[in-house]
Amino acid sequence: TMIIISIIALLGNALCLFLLQKSKSNEAHMQASMIFTSNDVIVNLGVIVAGVLVYLTQSKYPDLVVGTIVFYIVGKGALKILKLAK
C-alpha cells in the first residue's frame, strides 16, 4: 500500500512541478516551491524504489540506503532554499 500511495503522490507532485516550471517565475518563493516539489518527487521515487527492493530482497537494507540518499538530496535542497532567503 505504501508503494501505491507513493505512486499517487508522485503523479500529483509531478503535475505540480510541471505547473510551477511552466510559470517561469524567478521569485524566491516560487523557486523555493520548485525545490520543495522536486524534493517531493525524489522522495516519492525513493519510496517506490525502496519498497520494491525490500519486497524483492526481503531485506531492510534497500530502505536504509535509499532513505540515506533521499536525506542527502533533501538536505541539499534545504540549503538552496536557505541561500534564497538571504
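Below is a summary of the structure that appears in this document. Note that the coordinates shown come from a computational prediction; the quantities given were computed from them, not determined experimentally.

### What about the side chain of Asn 44?
Part 1: Its location among the elements puts Asn 44 in helix α2 (residues 28-57).
Part 2: Ignoring any residue separated from it by four or fewer positions in sequence, one finds Asn 44 in contact with Ser 6, Ala 9, Leu 10 and Asn 13.

### Focus: the side chain of Asn 13
Part 1: Following the sequence through the fold, Asn 13 ends up in helix α1 (residues 2-23).
Part 2: In terms of polar contacts, Asn 13 uses its side chain to reach the side chain of Asn 44, at 2.7 Å.
Part 3: With sequence-adjacent residues up to four places away left out, Asn 13 is seen in contact with Thr 37, Asp 40, Val 41 and Asn 44.

### Things to note about unusual backbone geometry
Part 1: Backbone geometry places Gln 58, a non-glycine residue, at a positive phi of 55°.
Part 2: Judged by its relative accessible area of 65%, Gln 58 falls in the exposed class.

### Quick look at the packing of α1 against α2
Part 1: Relative orientation of the contacting elements α1 and α2 amounts to 155°, with a least axis distance of 9 Å. Between α1 and α2, the crossing angle belongs to the class labelled roughly antiparallel. Along this stretch, α1 crosses α2, giving a crossing that reads as left-handed.
Part 2: Among the residues making up the contact of α1 with α2, the classes are represented as 16 nonpolar, 9 polar and 1 charged.

How each quantity is defined
Residues numbered from 1 in each chain as written. Predicted model: local features only at pLDDT ≥ 70, side-chain atom pairs only at ≥ 80, totals over all residues. Heavy atoms only, no water. Helix = DSSP H or I, 4+ residues; strand = E, 2+ residues; numbered from the N terminus. Contact = heavy atoms within 4.5 Å. Polar contact = N/O pair within 3.5 Å; in protein donor to acceptor, adjacent residues only side chain to side chain. Buried < 20%, exposed > 50% of the residue type's maximum accessible area, 1.4 Å probe, protein only. Axes fitted to C-alpha atoms, helices over the stretch in contact; angles between N-to-C directions. Parallel < 35°, antiparallel > 145°, perpendicular 65-115°, else oblique. Left-handed = near helix turned anticlockwise from the far one by under 90°. Nonpolar A, V, L, I, M, F, W, Y, C, P; charged D, E, K, R; others polar.

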